Amino acid sequence: MLTLVKAFLLCGAIRNFINSTASFLTTMKILMYGWEFPPLLSGGLGVACHAIVQELARKHHDVTVVLPHAIENFLDKKRVSIIGCDAITSGVKDVPGLQHQSWQEFQGIQSFSTLLSPYLHLAGMEYRVKINKAALAIAAIIEQLRLFTAIASIDELSVLRSTAVAFTGQYGINLLAEVCHYAIVAGTLASVVPHDIIHAHDWLTILAGIEAKKRSGKPLIFHVHALEPDRSGDLVDTRIFAIEKYGMEQADKIVAVSEYTKNIIVDKYGISADKIVTIHNGTYGKDIVDKESGKAWKGHKMVLFLGRLAQQKGPMYFIEAARKILAQRQDVHFVLVGSGGLWDELIRRVAELRLGKYIHFTGFLEHEKINHIFRLADVYVMPSVSEPFGISCLEALSYGVPVIISKQSGVAEVLPHVLKVDFWDVDEMSNKIMALLDYVTLQRVILQCTDGKLKELTWEKTATALVDLYMQLV
Amino acid sequence: MTTNICIYFQVHQPDRLRKYSYFDIGHSHNYEDEKVNREIFLKIVNKCYLPACSLLLRLIEQYQGVFKVAFSLSGVFVEQCQRFSSEALDLFKKLAATGCVEFLNETYYHSLSFLFSPAEFTEQVLLHKKMIEQEFGYVATTFRNTELIYNNDVAKFAESLGYRTILAEGTEKILGWRSPGFVYRPHGCQQIKLLLRDYRLTDDVAFRFSDRSWSEYPLLAEKYAYWLHSLHGKTETINLFMDFETFGEHQWHDTGIFEFLEKLPEYVLKHPEYCFATPAEISQRLDPIAELDVPYPVSWADMERDLTAWYGNDLQRDALHVVYALERDVKALNDPQLLHVWRLLQTSDHFYYMCIKYASDGDVHKYFNPYNSPYDAYINYQNILVDFSQEIARKKEEMSVVAASNGITSLATSEQQLQVQSSQRCCWFANILKQLKKLFFEC
């Protein structure tokens, strides 16, 4: 009996060895469609994309990253080539059905926003007439290219058409225009860039991926970092939702960043669970540097929030928890790092509560400043309403900052030893913040227990899982 | 050679703490969750205590003194009986009255006090002794420490308090190659005898009974009795020490656990050399076969069978040290209510909930744990301790103020007395003068 077990284990070991050697020896060519990329970052998408590309390069795979804009980057130039769509003009004329005149109109739009933000909030902005015309042109192109066949079936096209005339202002029409432009241009690159597999990140690039798949016939992976229901709850932008759903149906495999996201895909998009693979994000893990907690404000403690000031991230719950705590004691300060649509509203609320002395807004910070802020923090809170993963939480832990995270997040499923709350439960949130500030033993034990887990959650592991998936599809 | 079957049941329910947040500190001094305590207690009364105790009474009557068992009821449990269900308490009293049931002593509050304060430990044991004598009219001679925590020092202490028998876990850690089927003499003791739990045979009933993936499932009384019989000649006593909630709560009624217990005496007694005995009887009948040296504490908890279920991580250590550090101040206040509250905070369950060992996996700890995570348990407990410490400090302050003001009033009284005395003296002098004057003018 024992020998049978041993033999079985040996076979398994041999199989694993062969697989890892195979993946080690095989150099794959990956065509990756990204949107955000360092140093131009807006959220976790760019960080994840960059880390994955870097790790794939380390595993000796060749990656071609297609972005909206070419940027200077310090990745391994031998293995990674970055192509910016704004540099491509030559191949575009070959696209069937694309009329030169409307392409000129297209070019006009391209000069609009340089820092593309998938989270553009354009409430109340006025658009000029030129955009209207351009939007009409785009709708025409799309119809001609038949990119949105599935969307047309649910009458999205008429919505698109109508928005050309009457604005919603919710997601700027130029964002969708950019996405379409990107889809056309980046998709054509599949004819010229040699690749074994296509990997598209989020709804912004999936159309490009689908176009690429049509051209080369290679397998397509749709990597889902965030979904419309996360960003907007039940009031989804139906166009983006439609693009996400279309992408999920067309892709060969879907990668979700957490079981939480996988469940949303199954529940809300009606995709079969077999098609979805959960591969968690990771962290680079730093050695815990000297903490400077208590040095920020004359020995007072600091509680940190870091994220977009948007509904999804729950900064309003953070402020309410701060209010509860500051009613009892004033030796704690609260810092919100990040910018976003709720900026005005939150600042007004803080002023209304007369707590401006204790609650601080830094706006968007660069990488070095963020490192510094983490070193000053005593507690990090992530009260997200719906968070597909939550890389910032791992970063905080790698800086030795204990965290309190929302139960409605992906990272909660990989960290058993952190404090979790429901995002709306302000009472419990403030209770836990106070406990972390006052009970030193609690902090120490939590950090000790998560240390081991952090060492497991690396980008290298993410990349390994991705490569295994590629091998299955190729 | 007769083989004894020694069955002992542990009965305990903790006073569970309510959700106590940081913001309750200083405002609410009510720590118990009476509602939950009542709900759980009544549920277990119906599922376990009533049917199991009734069954035992029937069996005792049926076998007319041949079937015997032992119980240990924690003080906290008995108090809950008094509050929530006198029916359960009456059944235990009836069991006591049969004369076939032995009651043991333990710490009243089911605490870990032996590890922190011998004085407190002694007081709790004496409290328990008194309670058992009052409620059940039973003078105990057998002792078991909370969760069978045992080492040489516990045995010595029990011996010094007059107990003749002590129970412990028959783990290989202390037995080595030896069998738990014999009586042992604790190292360093002269009189007291040690009985060790046969955990394999006990856990067959307590844990594996309803496990369908177990190779021996289903466990019928006949089969189990056969296993017991097959040890004949190799053991003198088979000690089956288990949680009473096995019957109806851990193993539900529909697993057939009650039928198992009902049939067990019949099948066991089929062997002429087998009998049931209580720990005290075994201690009287049998002599120790060897000395057993247990320098480090063992217990019956978890796979490790040591203290790590309650004292394994920093959260637990911190909480335990804080609560026991309050001993001197609490006792100085001479307030029975506060003393009771402090002692309830010592119940081992509170620290059991803070165990991190199995935080990621579902298991026994999670089954019992009302908290979502050990950290929640710790936070809740610490918040309560902070409020309690503040209350103690406040009362201490009050007491010293009162003492000081008592000193001033006595001072005032003596001043008044002096004034009265001096006025009295004045009167007397004035009288003398008057009389002298009278005398003078009359002459």
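1. Notes on the overall build of chain A
- Secondary structure summary: chain A contains 18 helices and 13 strands in total.
- Burial status across chain A gives 46% buried among its 474 residues.
- Long-range pairs, those at least 24 residues apart, make up 70% of the contacts in chain A with a sequence separation of at least 6.

2. Remarks on the overall build of chain B
- Of regular secondary structure, chain B possesses 17 helices and 12 strands.
- Of all 443 residues assigned to chain B, the portion counted as buried reaches 44%.
- Taking the intrachain contacts of chain B between residues at least 6 apart in sequence as the baseline, contacts between residues at least 24 apart amount to 77%.

3. Section: helix α12 (residues 314-325) of chain B
- The end-to-end C-alpha distance of α12(B) is 16 Å, a good match for the 16 Å that 12 residues give at a rise of 1.5 Å each.
- Within α12(B), burial applies to L315(B), Q316(B), D318(B), A319(B), L320(B) and V323(B).

4. A word on the interface of chain B and chain A
- Listed per partner, the contact involves 14 residues of chain B and 16 residues of chain A.
- Those elements that place two or more of their residues in the side of chain B that touches chain A are α12 and α17 (374-442) of chain B.
- Considered class by class, the residues forming the side of chain B that touches chain A number eight nonpolar, four polar and two charged.

5. Notes on the sheet that holds strand β7 (residues 276-278) of chain A
Residues and elements named next belong to chain A.
- Pairing is parallel across the open sheet formed by seven strands, whose spatial order is β3-β2-β1-β4-β5-β6-β7. Pairing within the sheet leaves two strands with one partner each, and these edge strands are β3 (80-84) and β7. When the angles between neighbouring strand axes are averaged without regard to direction, this sheet yields 20°.
- Pairing geometry for strand β2 (residues 62-67) and β3, over five bridges, is parallel. Bridge assignment links L67 to a residue of β3, and that residue is G84.

6. Topic: the nonpolar core
Residue and element names in this part refer to chain A.
- In this structure, L304, V379, V381, V403, I433 and L442 are the most contacted members of the largest nonpolar core, which totals 248 residues.
- Residue contributions to this core peak at 10 residues, all from helix α7 (residues 173-188).
- The residues touching I433, leaving out its near neighbours within four places in the chain, are V303, A321, I325, V379, V381 and I404.

7. Regarding the domain arrangement of chain A
Residues and elements named next belong to chain A.
- Split into domains, chain A comes out as domain 1 (24-282 + 458-474) and domain 2 (301-457).
- Contacts between the two partners involve 22 residues from domain 1 and, on the opposite side, 14 residues from domain 2.
- For the side of domain 1 that touches domain 2, the secondary-structure elements that each account for two or more residues are α2 (44-58), α9 (228-232) and α11 (259-269).
- Of the residues belonging to the side of domain 1 that touches domain 2, the class tally is eight nonpolar, 10 polar and four charged.

8. Re the sheet that holds strand β11 (residues 379-382) of chain A
Residue and element names in this part refer to chain A.
- Strand order in the open sheet made by the six strands is β10-β9-β8-β11-β12-β13, with parallel pairing throughout. The sheet is open, and its two edges are formed by β10 (359-363) and β13 (419-421), each paired on a single side. Across this sheet, the average inter-strand angle for adjacent strands is 25°, counted without regard to direction.
- The pairing of strand β12 (residues 403-406) with β13 spans three bridges and is parallel. Residue pairing in the sheet places S406 in a bridge with V421 of β13.
- Taken strand by strand, helix α12 (residues 315-326) contacts β8 (301-306), β9 (332-337), β10 and β11, and its axis lies near 170° from that of β9.

9. A few points about the domain arrangement of chain B
Residue and element names in this part refer to chain B.
- Taken domain by domain, chain B holds domain 1 (3-306) and domain 2 (312-443).
- Contacts between domain 1 and domain 2 engage 24 residues on the former and 19 residues on the latter.
- Residues belonging to the side of domain 1 that touches domain 2 are distributed by class as follows: 10 nonpolar, eight polar and six charged.

10. Some points on the packing of α12(A) against helix α16 (residues 426-438) of chain A
All names here are of chain A.
- With their axes 9 Å apart at the nearest point, α12 and α16 run at an angle of 60° to one another. Our classification of the angle between α12 and α16 gives oblique. By crossing handedness, the relation of α12 to α16 is classed as right-handed. Listed contacts from α16 to Y317, E320, A321, K324 and I325 of α12 are V426, M429, S430, I433 and M434.
- Residues that form the contact of α12 with α16 fall into these classes: seven nonpolar, one polar and two charged.

11. A short note on helix α10 (residues 238-250) of chain A
- Over its 13 residues, α10(A) extends 18 Å from the first C-alpha to the last, a length consistent with the 18 Å expected when each residue adds 1.5 Å.
- The buried count for α10(A) comes to 10 of 13 residues, which makes it a mostly enclosed element.

12. Concerning unusual backbone geometry
- Along the chain, Y217(B) connects to P218(B) via a cis peptide bond; the corresponding omega equals -5°.
- When you line up the elements, P218(B) lands in the loop between α7 (199-206) and α8 (221-229).

13. A word on the environment of V440(A)
- One can find V440(A) in helix α17 (residues 440-456).
- Its 11 C-beta neighbours within 10 Å are what place V440(A) among the exposed residues.

14. Quick word on the pairing of strand β5 (residues 165-169) of chain B
- Within β5(B), five of the five residues are buried, which leaves the element mostly enclosed by the surrounding structure.
- Handedness of the crossover is the feature at issue here: the chain leaves strand β4 (residues 142-143) of chain B, passes through helix α5 (residues 152-160) of chain B, returns alongside β5(B), and the resulting connection is right-handed.

15. Examining the pairing of strand β2 (residues 69-73) of chain B
Residue and element names in this part refer to chain B.
- Along β2, five of the five residues are buried, which leaves the element largely enclosed by surrounding structure.
- Neither face of β2 is exposed, since V69, F71 and L73 on one face and A70 and S72 on the opposite face are all buried.
- Two strands pair when backbone bridges link them, and strand β1 (residues 3-11) and β2 are joined in this way by four bridges, in the parallel orientation. Looking across to β2, one finds that V11 is bridged to L73.
- Read from β1 through helix α1 (residues 34-63) to β2, the crossover connection turns out right-handed.

16. What to know about the packing of helix α8 (residues 202-216) of chain A against α10(A)
All names here are of chain A.
- Two numbers describe how α8 lies on α10: the axes approach to 9 Å, and their chain directions differ by 45°. With respect to α10, the element α8 is oriented oblique. In the packing of α8 onto α10, the handedness of the crossing is left-handed. Between α8, through W203, I206, L207 and I210, and α10, the contact on the second element is made entirely by I240, I243, E244, G247 and Q250.
- Residues that form the contact of α8 with α10 fall into these classes: six nonpolar, two polar and one charged.

17. Considering the confidence of the model for chain B
- Mean pLDDT for chain B: 90, with 89% of residues reaching 70 or above.
- Scoring of the predicted complex yields 0.79 for pTM and 0.76 for ipTM.

18. A few points about the environment of L269(B)
Residue and element names in this part refer to chain B.
- In this structure, L269 sits in the loop between α9 (257-268) and β11 (274-276).
- A sequence separation of 32 residues divides L269 from T237, and the C-alpha atoms of the two residues are 14 Å apart.
- If we ignore the near neighbours within four places in the chain, the residues touching L269 are V66 and Y274.

Each value, and the rule that gives it
- Residues numbered from 1 in each chain as written.
- Chains lettered and ligands numbered in written order.
- Predicted model: local features only at pLDDT ≥ 70, side-chain atom pairs only at ≥ 80, totals over all residues.
- Helix = DSSP H or I, 4+ residues; strand = E, 2+ residues; numbered from the N terminus.
- Buried ≥ 20, exposed ≤ 12 C-beta atoms within 10 Å, placed from the backbone.
- Contact = placed C-beta atoms within 7 Å.
- Expected span 1.5 Å × (residues − 1).
- Nonpolar A, V, L, I, M, F, W, Y, C, P; charged D, E, K, R; others polar.
- Pairing = 2+ DSSP bridges.
- Axes fitted to C-alpha atoms, helices over the stretch in contact; angles between N-to-C directions.
- Core = buried A, V, L, I, M, F, W, Y, C linked by C-beta atoms within 7 Å.
- Domains from an automatic or database assignment.
- Parallel < 35°, antiparallel > 145°, perpendicular 65-115°, else oblique.
- Left-handed = near helix turned anticlockwise from the far one by under 90°.
- Right-handed = clockwise from strand over helix to strand, strands pointing away.
- pLDDT = per-residue confidence, 0-100.

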